[in-house]
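Residue-level listing of the chains:
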Protein chains: 4
Amino acid sequence: MKPQKTGSKQWVIPGGHIPFGTNGKEPEFTSHDSLSILNTSGKVADIELVIYYQDREPNGPYPICVEAQRMKEVRFNDLIDPLAIALDTPYSCVLQSDVPVVVQFSRQDTRQTANAIATMMAWPVA
Amino acid sequence: MKPQKTGSKQWVIPGGHIPFGTNGKEPEFTSHDSLSILNTSGKVADIELVIYYQDREPNGPYPICVEAQRMKEVRFNDLIDPLAIALDTPYSCVLQSDVPVVVQFSRQDTRQTANAIATMMAWPVA
Amino acid sequence: MKPQKTGSKQWVIPGGHIPFGTNGKEPEFTSHDSLSILNTSGKVADIELVIYYQDREPNGPYPICVEAQRMKEVRFNDLIDPLAIALDTPYSCVLQSDVPVVVQFSRQDTRQTANAIATMMAWPVA
Amino acid sequence: MKPQKTGSKQWVIPGGHIPFGTNGKEPEFTSHDSLSILNTSGKVADIELVIYYQDREPNGPYPICVEAQRMKEVRFNDLIDPLAIALDTPYSCVLQSDVPVVVQFSRQDTRQTANAIATMMAWPVA
């Protein structure tokens, strides 16, 4: 397979909001927001996330690395450096990559006795 | 961080419909439609929503303000001026901003004993 | 409010599939696929749907009319002329309008004891 | 009806992840990821999928054929040649077609006692 160069270098997710509370076994049923990032290029993607809030300064950058010809699933719950993302708090995410990638956003919400899921493509800027 | 100018000045959500009825503690489990609006620019975003219906004149504008470098989560349930949006009634929403923003639409439906969620990017026009 | 001209004249939904079976009171909990169509223009939108299947000829057109400055929510379950859309059967939908409209696709699935929902923007072609 | 030529020849789904575990009767309640592919053109669409992982080489191609003027629903669970897609494992999918098609991605998750669903348009590249 020939390495492809597919995607965009900046993606936005306006509607982050990690649900607070979990029913079911962890970690598979832990309520979470996540990113799925695909790097079809032939070189490593060095990525930075910046997190925006309703009532305080943006925070970041959160560094992520996706190898060439690999994808990565990242739970926002696991982003703790420079600052853990608070649960049950609205946030937005801007992703910047040095090579084109493709990004999907998903949520799992198990606050009640059966889980709920949602997904969408992030919004490509440039 | 240098302020960025990211997004579009007009966004459309055709399929609004606030579910009628709630199971669970309020306000976190209240059935609702919501907008998440990100303003990465260096100035305040003055935004107006217009709501379209199946069988009456469009209503609005509903003013919303998002500070520079901030996001805002807005529940349609809370829009009451000039007129509360009726529950269990289909509507569409057109959002107009004076600076570029990025907009996501979400729904939480707790009419039955476990919640359901859905989300998508709004549709950028201009 | 000045009438706006917003949207696209052709939209596609590849993944139609009306869930078969309902738990809860009808019609609000009936399992269904639906379209939400917004017409912000100053004239009536004359719309036609064509339905594609896995193993037979496309069917249609199904006519829909959306008044000027109005939206319309249409359940696929209610499309019966020229032919009712079978439940539990994959289909795709191509929508053609004579004025620009904006289209969202939604599903409600109540086959099990708590409902599930999903939504997305349809795909604009032209 | 005149055959139309609608869509894109390459589509990406970054966030594949087949849920592991099922509640309810199979196959209708089997947890799964799926693609819905619409071919409105007048000729057969010869399609190939390549699957990307977090920690090993991409796999494929998985061949799919969609007849002229037909759609096809494909469960990722059923893709077994050249290699079955593991359950509960993040993956991305790149779809390449020789004629323009339109592609939607869906998930059904019945790991808990009521099902959950999510859907989105795949991301068109070229």
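The structure we're discussing is the one just above.
Definitions and limits used
- Residues numbered from 1 in each chain as written.
- Chains lettered and ligands numbered in written order.
- Predicted model: local features only at pLDDT ≥ 70, side-chain atom pairs only at ≥ 80, totals over all residues.
- Heavy atoms only, no water.
- Helix = DSSP H or I, 4+ residues; strand = E, 2+ residues; numbered from the N terminus.
- Rg over C-alpha atoms; globule rule 2.2 N^0.38 Å.
- Buried < 20%, exposed > 50% of the residue type's maximum accessible area, 1.4 Å probe, protein only.
- Least-squares fit on C-alpha atoms with pLDDT ≥ 70 in both.
- Pairing = 2+ DSSP bridges.
- Contact = heavy atoms within 4.5 Å.
- Polar contact = N/O pair within 3.5 Å; in protein donor to acceptor, adjacent residues only side chain to side chain.
- Phe/Tyr/Trp six-rings, centres within 6.5 Å; stacked < 30°, edge-to-face > 60°.
- Lys NZ or Arg CZ within 6 Å of the ring centre and 35° of its normal.
- Buried area = accessible area lost by both parts, 1.4 Å probe.
- Salt bridge = Lys/Arg side-chain N within 4 Å of Asp/Glu carboxyl O.

A.B. asks: Describe the overall build of chain A, with residues and values.
C.D. replies: Across its full length, chain A carries zero helices and eight strands. Taken from N to C terminus, the helices and strands of chain A fall in the order β-β-β-β-β-β-β-β. Expected size for 126 residues packed as a compact globule is a radius of gyration near 14 Å; at 15 Å, chain A falls within 12% of this value. Along the longest, intermediate and shortest principal axes, the C-alpha atoms of chain A span 45 × 35 × 25 Å. Classification of the 126 residues of chain A by burial places 60% in the buried group.

A.B. asks: Residue-level account of the relation of the copies chain A and chain D, with values.
C.D. replies: Rotating chain A by 90° and translating it 0.0 Å along the rotation axis places it on chain D, where the RMSD comes to 0.0 Å. Read as a symmetry element, the transformation amounts to a four-fold axis.

A.B. asks: Could you give an account of unusual backbone geometry, naming the residues involved and the relevant values?
C.D. replies: All names here are of chain B. Between Gly60 and Pro61 the backbone carries a cis peptide bond, its omega angle lying at -5°. Structurally, Pro61 is set in strand 4 (residues 59-66). Even without being glycine, Gln69 reaches a positive phi, approximately 60°.

A.B. asks: Tell me about the pairing of strand 6 (residues 91-109) of chain A, residues and numbers included.
C.D. replies: Residues and elements named next belong to chain A. Counting buried residues along strand 6, 17 of its 19 residues qualify, which places the element largely inside the surrounding structure. When strand 2 (residues 32-39) meets strand 6, the two strands line up antiparallel, connected through seven bridges. Across the sheet, the residue bridging to Asp33 is Arg107, located in strand 6. As defined by bridge partners, strand 3 (residues 45-53) adjoins strand 6 across seven bridges and the pair is classed as antiparallel. Bridge pairing in strand 6 places Leu49 opposite Leu95. Judged from the six bridges that link them, strand 6 and strand 7 (residues 116-121) form a sheet pairing that is antiparallel. Each residue of the ladder has a partner; that of Asp109, found in strand 7, is Ala116. What sits between the antiparallel neighbours strand 6 and strand 7 is a turn of six residues.

A.B. asks: Help me get a handle on the environment of B:Asp33, residues and values and all.
C.D. replies: All names here are of chain B. With respect to the element layout, Asp33 can be found in strand 2 (residues 32-39). We classify Asp33 as buried; its relative accessible area is 0%. Along the chain, Asp33 and Met120 lie 87 residues apart, while their C-alpha atoms are 12 Å from each other. Here Asp33 is in contact with Gly16, His17, Ile18, Pro19, Val74, Arg75, Phe76, Asn77, Tyr91, Phe105, Ser106 and Arg107, once residues within four sequence places are set aside. Engagement of the side chain of Asp33 in a polar contact is seen with the backbone nitrogen of His17, the distance being 2.8 Å.

A.B. asks: Mind laying out the packing of aromatic side chains, listing which residues take part and the relevant values?
C.D. replies: Under the defined criterion, the tally for this structure stands at twelve aromatic pairs over all chains. The residue whose ring lies beneath B:Arg56 is B:Tyr53, and the NZ or CZ to ring-centre distance is 4.0 Å.

A.B. asks: Residue-level account of the interface of chain A and chain D, with values.
C.D. replies: With 33 residues of chain A in contact, the opposing surface of chain D contributes 36 residues. Across the chain A/chain D interface, buried area totals approximately 2,700 Å², and carbon plus sulfur atoms make up 59% of it. Where chain A meets chain D, there are one salt bridge. Here D:Glu57 ties to A:Arg70 by a salt bridge, and the two come within 3.0 Å at their closest N and O atoms.

A.B. asks: Please give an account of the interface of chain B and chain C that cites residues and values.
C.D. replies: Interfaces are often described in size by the accessible area the parts lose on coming together. On the side of chain C, 33 residues touch chain B, which itself brings 36 residues to the contact. Both sides of the chain B and chain C interface together cover about 2,700 Å² of buried area, and 58% of this is carbon and sulfur. The largest contributions to the chain B side of the interface with chain C come from B:Tyr52, B:Gln112 and B:Trp123, which together make up 26% of the buried area. Linking chain B to chain C there are one salt bridge. In this assembly, chain B and chain C are joined by eleven residue pairs in polar contact (both at pLDDT 80 or more). Put simply, the parts of the chain that give the side of chain B that touches chain C at least two residues each are strand 1 (8-16), strand 3 (45-53), strand 6 (91-109) and strand 7 (116-121) of chain B.

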